[in-house]
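In case you want the letters, here they are:
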Amino acid sequence: MNKPKILVARAVFPEVIAKLAQHFDVESNQTDELWTKAQLTAKLQGKQGVFTTGGERIDAELLAACPDLKICANMAVGYNNFDLDAMTAAGVLGTNAPDVLTETTADFGFALLMATARRMAEAEHFLRAGLWTKWSYDMFAGSDIHGATLGILGMGRIGQGIARRGAYGFGMEVIYHNRSRLDAATEAECRANYVSKEELLKTADHLVLVLPYSAASHHAIGAPELALMKPTATLVNIARGGIVDDAALAHALRNKTIAAAGLDVFEGEPKVHPDLLTVPNVVLTPHIASATLPTRLAMANLAADNLIGFLLNNKPLTPLNAKVPI
Ligand code: GLV
């Protein structure tokens with residue numbers, strides 16, 4: 001029997017390609033070329049499944065041109081690269097890679113928060129530039145994490161992981177805002193109190209964004225929201241570019257509307273708004289919150305297992321849209 005044909009759209013762990021090759025006729029991209037939409041569409045001809053990594057846009061136009069496609073398996077928890085309604089309409093299943101990255105990503109959110117509040121990037125650049133000639137009482141004085149108020153916008157699994165780190169590890173007061181309030185047991189476990197978005201913005205000493213990107217969350221943090229924050233506050237975005245208005249943030253950082261920001265995600269990444277590159281009080285990282293080797297391997301295996309589970313047994317592990325019969 002012929003094996004189903006699949007495409008792996010970006011380079012991934014060779015052992016994951018080898019696992020997929022046991023079940024599928026695999027076309028992979030181990031040279032990691034960045035394909036245009038037309039190239040991706042051409043490569044998808046005759047393929048029943050595609051392994052995506054979050055950057056490949058799957059929309060109605062592509063789906064109409066790829067009639068054999070049955071499943072798109074994202075190696076990412078976020079799936080704003082999928083037009084899920086169009087996929088459902090076309091009878092194509094989408095899967096993502098939740099859970100396996102939760103703690104690693106929460107670790108990184110906390111690391112970026114600490115680097116931002118304690119001005120570690122600025123201080124390191126200063127030292128490397130040979131500018132450190134003497135001690136001074138306020139040199140790179142930042143703001144405290146312990147005992148401060150931690151605000152979290154978007155209280156899913158990763159937000160809850162950050163809340164636990166703040167509450168249990170650093171004695172922080174944790175407040176959050178989310179589309180829907182958590183049940184009382186989860187709130188108690190996270191030691192987190194639900195507040196309105198306005199109160200969150202006004203009260204947080206450190207605000208971490210962990211909400212999914214959608215039309216509704218586009219520019220959830222723009223000039224009006226930044227103006228509500230404390231001038232001593234820090235803002236951390238590990239969610240998605242587009243949730244923050246990057247131009248407005250650069251302006252707020254330059255004018256000290258807020259003290260500092262830590263950003264792992266950007267509007268239009270891998271391009272970064274030029275104004276963010278010239279303000280000193282921002283820590284910038286290239287979308288690496290889930291990047292530890294064990295976690296990235298677990299994410300890749302989950303995407304692969306979704307392809308295997310669905311195309312071979314009609315049992316995807318982490319489906320996103322209505323089950324689409326094979
Ligand atoms: C990374 O951004 C992910 O969504 O997994």
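Higher on the page you've got the structure.
Residues numbered from 1 in each chain as written. Predicted model: local features only at pLDDT ≥ 70, side-chain atom pairs only at ≥ 80, totals over all residues. Heavy atoms only, no water.

(A) Molecular detail of the pattern of salt bridges. Summed over the entire model, instances satisfying the criterion amount to 17 salt bridges. Between lysine 47 and glutamate 27 there is a salt bridge, with its nearest N and O atoms 2.9 Å apart. Taken together, the residues lysine 47 in the loop between α2 (37-43) and β3 (49-52) and glutamate 27 in strand β2 (residues 25-27) connect sequence positions 20 residues apart. Residue classification places lysine 47 among the buried residues on the basis of a relative accessible area of 7%. The class for glutamate 27 is partly exposed, based on a relative accessible area of 27%. Linked through salt bridges whose partners overlap, the residues forming this network are Glu103, Asp107, Arg164, Arg165 and Glu189. (Salt bridge = Lys/Arg side-chain N within 4 Å of Asp/Glu carboxyl O. Helix = DSSP H or I, 4+ residues; strand = E, 2+ residues; numbered from the N terminus. Buried < 20%, exposed > 50% of the residue type's maximum accessible area, 1.4 Å probe, protein only.)

(B) How the structure looks around the pairing of strand β11 (residues 260-263). Alternating residues of β11 divide into Ala260 and Gly262 and Ala261 and Leu263, and every residue in both groups is buried. In the sheet, strand β10 (residues 234-237) pairs with β11 via four bridges, with the strands oriented parallel. Looking across to β11, one finds that asparagine 237 is bridged to leucine 263. A crossover links β10 with its parallel partner β11, the connecting element being helix α11 (residues 246-254), and its sense is right-handed. Relative to strand β12 (residues 282-284), β11 runs parallel, the two sharing three bridges. What sits directly across from glycine 262, in β12, is valine 283. (Pairing = 2+ DSSP bridges. Right-handed = clockwise from strand over helix to strand, strands pointing away.)

(C) Structural context of the sheet that holds strand β5 (residues 93-95). Reading across from one edge, β2-β1-β3-β4-β5 is the order of the five strands in this open sheet, with parallel pairing throughout. Only two strands of the sheet have a single partner each, and these edge strands are β2 and β5. The mean inter-strand angle of the sheet, taken between neighbouring strand axes irrespective of direction, is 20°. Judged from the three bridges that link them, strand β1 (residues 5-8) and β3 form a sheet pairing that is parallel. Across the sheet, residue valine 8 finds its bridge partner in β3, namely phenylalanine 51. Sheet strands touched by helix α1 (residues 14-23): β1, β2 and β3. Its angle to β1, the strand with the most contacts, is close to 170°. Taken strand by strand, helix α13 (residues 293-313) contacts β1, β3, β4 (71-74) and β5, and its axis lies near 160° from that of β4. (Axes fitted to C-alpha atoms, helices over the stretch in contact; angles between N-to-C directions. Contact = heavy atoms within 4.5 Å.)

(D) Spatial organisation of the nonpolar core. Membership of the largest hydrophobic core comes to 30 residues, with the highest contact counts inside it found for Leu207, Leu209, Ile221, Leu226, Leu235 and Leu249. Among the elements of the structure, α9 (197-203), β9 (206-209), α11 and β11 are those that each provide at least two residues to this core. Sort the elements by how many residues they give to this core and α11 lands first, with five residues. Dropping the residues within four chain positions of it, leucine 235 is found in contact with Leu207, Leu209, Ile221, Leu226, Met229, Val244, Leu249, Ile258, Ala260, Ala261 and Gly262. One finds Ala117, Ala148, Val174 and Ile238 within the second-largest nonpolar core, a separate group that totals 27 residues. (Core = buried A, V, L, I, M, F, W, Y, C linked by side-chain atoms within 4.5 Å.)

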